[in-house]
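Below, each chain spelled out in residue letters.
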Amino acid sequence: MNVQGQIKEYIASQPEPKRSDMQELHRIILKSMPACKLWFLDGKNSENKVVSNPNIGYGLQTIEYADGKTREFYRIGLSANTTGISVYILGIEDKTYLKKTYGKKIGKASVTGYCIKFKTLKDINIDILEAAIRYGVEQEQ
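Per chain, residue numbering runs from 1 following the sequence as it is written. Local features are withheld for residues below a pLDDT of 70 in this predicted model, meaning they are given only at 70 or higher, and side-chain atom pairs are given and counted only at 80 or more; totals for whole chains, interfaces and linings count all residues. Water and hydrogen atoms play no part in the side-chain values, which are based on all heavy atoms of the structure.

Our focus in this paragraph is the environment of Met33. A run of H or I in DSSP counts as a helix once it spans at least four residues, and a run of E counts as a strand once it spans at least two, with each numbered from the N terminus. Locating Met33 in the fold gives a position in the loop between α2 (18-32) and β1 (38-41). Along the chain, Met33 and Tyr58 lie 25 residues apart, while their C-alpha atoms are 7.6 Å from each other.

Pasting the structure below:
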């Protein structure tokens with residue numbers, strides 16, 4: 001199955017209202033990044049053991065590790081979790097930026113250095129979330 005099919009199946013497997021919220025977020029992210037590379041990570045390691053929630057990735061960046069090794073990874077991520085939805089905004093140098101800039105304005109959400117986590121879209125200001133996503137997209141090298 002191709003990545004688009006995996007993403008569609010993953011979103012469809014979510015219970016409501018998470019399914020509708022994730023479909024809307026998928027649409028919003030693709031609007032900000034229409035020609036981006038899509039990723040789907042099933043959350044399993046090389047031994048097929050579950051190590052994280054499955055997640056959808058958008059865009060492309062090269063991550064450089066301390067030992068000098070590099071790997072390609074997505075820039076924006078979307079994942080269902082046990083209590084709601086997480087939006088990951090990766091590649092931002094200042095780990096306090098998201099919380100300082102969007103934390104107080106976004107609504108009922110937990111904001112960390114790279115993750116905005118909330119229960120449902122109705123709990124947050126979608127315009128603020130879109131602004132945070134656009135900021136993440138603009139950080140692309």
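Text resumes after the structure shown.
Let's shift gears to helix α4 (residues 126-138). In a helix, the anticipated span is given by 1.5 Å times the number of residues less one. Counted at 1.5 Å a residue, the expected span for α4 with its 13 residues is 18 Å, and the 18 Å between its end C-alpha atoms agrees. Every buried residue of α4 is listed here: Ile128, Leu129, Glu130, Ala132, Ile133, Tyr135, Gly136 and Val137. Close packing links the buried residues of α4 with α2, β5 (76-81), β6 (84-89), α3 (97-102) and β8 (115-118). With a side-chain oxygen positioned 2.9 Å from the backbone nitrogen of Asp127, the residue opening α4 is Asn125. Only protein chains enter the accessibility calculation, which uses a 1.4 Å probe. A residue is then buried if its area is under 20% of the maximum for its type, exposed if over 50%, and partly exposed in between. The criterion used for residue contact is that any of the two residues' heavy atoms lie within 4.5 Å. Pairs of N or O atoms are called polar contacts if they sit within 3.5 Å, as long as, within protein, a hydrogen donor faces a hydrogen acceptor (for residues adjacent in sequence, only side-chain-to-side-chain pairs).

Two faces belong to every sheet, and in a regular strand the side chains alternate between them. A pair of strands is treated as paired once DSSP finds two or more bridges between them. Pairing of β6 with β8 involves 4 bridges; the strand directions are antiparallel. Counted as the bridge partner of Ile85 is Phe118 from β8. Examined bridge by bridge, strand β7 (residues 109-111) and β8 share 3 bridges and lie antiparallel to one another. Looking at β8, one finds that Ala109 is bridged to Phe118.

To continue, consider the packing of α2 against α4. Following both chains from N to C, one finds α2 and α4 inclined at 45°, their axes separated by 10 Å at the closest point. As judged from the angle between their axes, α2 and α4 are oblique. Judged by the sense of rotation from one axis to the other, the crossing of α2 with α4 is right-handed. Across the interface between the two elements, Leu25, Ile28, Ile29, Lys31 and Ser32 from α2 touch Ile126, Leu129, Glu130, Ile133, Arg134 and Val137 from α4. Of the residues belonging to the contact of α2 with α4, the class tally is 7 nonpolar, 1 polar and 3 charged. The angle between two axes is taken between their N-to-C directions and runs from 0 to 180 degrees, where each axis is a line fitted to C-alpha atoms and a helix contributes only its stretch in contact. Orientation labels follow simple angle bins: below 35 degrees gives roughly parallel, above 145 gives roughly antiparallel, 65 to 115 gives roughly perpendicular, and whatever is left gives oblique. Crossing handedness follows the turn of the near helix against the far one: under a right angle anticlockwise gives a left-handed crossing, and clockwise gives a right-handed one. Residues are grouped as follows: Ala, Val, Leu, Ile, Met, Phe, Trp, Tyr, Cys and Pro are nonpolar; Asp, Glu, Lys and Arg are charged; every other residue, Gly included, is polar.

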